[in-house]
Amino acid sequence: MPEGVCIIGVGYEGFRPTITDVSTRELMFLAASKAYADASVDPRTDIDSFICCTEDFWEGWSITDEMVPDQVGGARRPVCTVPADGIIGMGHAVMHIRSGVADVVSVEAHSKVADVLDKRAVENLALDPVYHRQTGAGSDVLAGLEMSAFMRRSGVTRDDVSRIVKAEKARALSNGRASYGGTLELKEVSDAEPIAAPLLKYDKAEFAEAGTVVVFASERWAKKNKKDGVSVDGLAWRSSAPWFEGGDIMRPEYASEAFRSVMKQAGRRGADSFDLLEIDDTYSYKLLQHLSSVGVPKASAIKMVEEGRVNPSGGSLGTGHLIEATGSHRVLECALQLRGRAGGNQRGKPGTALALSWRGNPTATGAAIALSVGR
Amino acid sequence: MSSKIAKYPGTEVELDDLRSGRFLSSDYETLLRYSWTSGVAVSRFLDGLKSGEIWGKKCGKCGRVLVPPRAYCEEDFVPTDEWVRVRDTGTVNTFSISYVNNDASRRKEPIVVSVVDIDGASPGMGILHLLGEVEPKRVEVGMKVEAAWKPKGKRRGAITDIRYFRPRG
Ligand SMILES: [Zn+2]
């Protein structure tokens, strides 16, 4: 039986389209300070390992690891960066704890993406240099292609995806962390300007900026130090084959396999066994595709989104896309919900939650985490 | 080549072979542009430079004066509250006489790069900058220096508002 791991504190700062008053480092410091206060830990003595999820190209700084320690409390302590989505960084935290390397681990992820003047240039560098980059088709075009295939295969209609957008934007209005809430008519969504048809303007999450820190501890440590935690019942990440042209359109492996592994670890049966789900919706159709990957058919999926059981936060469409902090944001929303502290969009007293992330185009990498309280 | 190797095996490739497409390759060029938010600490520091002043921040816990200023003390993990104006003079902590530019090209005339410990800041708080108005061979560790500022109208809130540090009086 592997050692239990739990979340003992969360902290965040920002959640705006552009943060102009603090630097990246200051943003990280503010989020970390709040998380450590929430967990009642002193990072200088209580935290054994610090992880930061970041990608050098988004920072404009090579070997970003070197500039991380001071602002997360990790000066002259074990610090590493994981160039991946926040939930994958959390996977490293779980490994540090289970391997006995650490009892308490801090996982930071942030987006200061407005500092990147030409985001397309960074996105294009992620495309295959021999085959794709030369065509001039960017990551939104890849989404358009996939959306087209997914709609044809699944029977999802324009109206269906517009309902997703409408519901998430509306939900975001009651979430203080959401930058892109709004009241939209279905027609407005369906008639919006095309990006790469069938992908239209509102089908894509806009960028936002935020800092997030989640503190993990072994359950043994948490018990000994009398901290209430949110239990991590399962965590996994997977990549599908790296060829964009292939793969399962209805149930991409990175999502379905990460989910399957998490369910096995958590000893749970289906997505239906969770009180709430925060599922990747970088693009509107992606939410339906990811729900399909975890076994939720179209009809129930749309209903669950409209009821607010899926993405009560308003998702990325409502909150904004936070690059590598996107998965961390989903975990943050789940943890706040499970502790009854989600604010305006709190959903009763949920006991279990699932977060699922995707690293965005052109990747086929995703991660999932199952959380619970009061076991 | 070396005393043991007169010729490498294989086929030599000249630049023209690549240019003419004799060997296949994929080329790509890009331009990455960033505009980093300076934030609370750096903004005030840069603003100070514009006025010909060097500012630091003091940690209320350990009492260190951090230059350049930081919004937090990394040792105590607390916000730094108090702004402290330090002197624009200091001491050469270390220096290097550089004959290479940062693109690795050679320089005819060397530049003298130094870490200057600023007067009024805590030990180990220095600024990496150039030394000027001094013969490279006369520079030594421990030398007292002062900032040579750009004229007021030419300062724009950048570390280069200090042209260099030069020997004091
Ligand atoms: Zn201090």
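The structure this text deals with has already been given above.
Read on for an overview of the structure.

Cut-off values and rules
- Residues numbered from 1 in each chain as written.
- Chains lettered and ligands numbered in written order.
- Predicted model: local features only at pLDDT ≥ 70, side-chain atom pairs only at ≥ 80, totals over all residues.
- Heavy atoms only, no water.
- Donors = N, O, S within 2.8 Å, 3.2 Å for Na, K, Ca; no water.
- Tetrahedral: all angles 85-135°; square planar, octahedral: opposite > 155°, others 65-115°.
- Buried < 20%, exposed > 50% of the residue type's maximum accessible area, 1.4 Å probe, protein only.
- Pairing = 2+ DSSP bridges.
- Helix = DSSP H or I, 4+ residues; strand = E, 2+ residues; numbered from the N terminus.
- Axes fitted to C-alpha atoms, helices over the stretch in contact; angles between N-to-C directions.
- Phe/Tyr/Trp six-rings, centres within 6.5 Å; stacked < 30°, edge-to-face > 60°.
- Lys NZ or Arg CZ within 6 Å of the ring centre and 35° of its normal.

This part covers the coordination of the zinc ion. Residues and elements named next belong to chain B. Note on the zinc ion: its protein donors are Cys59 (SG), Cys62 (SG), Cys73 (SG) and Asp76 (OD). The metal-donor distances range over 1.9 to 2.3 Å. Geometry at the zinc ion is tetrahedral, judged from the four donor atoms that bind it and their angles of 103 to 114 degrees at the metal. Sequence spacing of the donor residues for the zinc ion, all on one chain, is C-x2-C-x10-C-x2-D. Among the residues examined, Cys73 registers a relative accessible area of 0% and is labelled buried.

Moving on: the sheet that holds strand β9 (residues 276–279) of chain A. Residues and elements named next belong to chain A. The strand order across the open sheet formed by nine strands is β3-β2-β4-β7-β1-β8-β11-β10-β9, and the pairing between neighbours is mixed. Looking at strand neighbours, the two that pair on one side only are β3 (79–82) and β9, the edges of this open sheet. The mean angle between the axes of side-by-side strands here comes to 20 degrees, regardless of whether they run parallel or antiparallel. Note that strand β2 (residues 49–53) and strand β4 (residues 104–111) share five bridges and pair parallel.

Here we come to the pairing of strand β8 (residues 230–239) of chain A. Residue and element names in this part refer to chain A. Burial runs high along β8: seven of the ten residues are buried. In the sheet, strand β1 (residues 5–16) pairs with β8 via three bridges, with the strands oriented antiparallel. Paired with Val5 across the two strands is Val232, which belongs to β8. Of the strand pairs in this sheet, β8 and strand β11 (residues 365–372) are connected by eight bridges, and their pairing is antiparallel. For Ala236, the partnering residue across the bridge sits in β11 and is Ala368.

The next point concerns the packing of aromatic side chains. The tally for this structure, following the rule as stated, stands at ten aromatic pairs over all chains. A ring pair is formed by Tyr34(B) and Trp36(B), whose centres lie 5.6 Å apart and whose planes are at 5 degrees; its orientation type is stacked. Note on Trp36(B): relative accessible area 48%, which makes it partly exposed. Among the aromatic residues, those joined into a ring-pair cluster are Phe29(A), Tyr36(A), Tyr72(B) and Phe77(B). It is Arg268(A) that lies over the ring of Phe274(A); its NZ or CZ is 5.3 Å from the centre. Looking at Arg44(B), its charged tip hangs above the ring of Trp83(B), at a distance of 4.7 Å from the centre.

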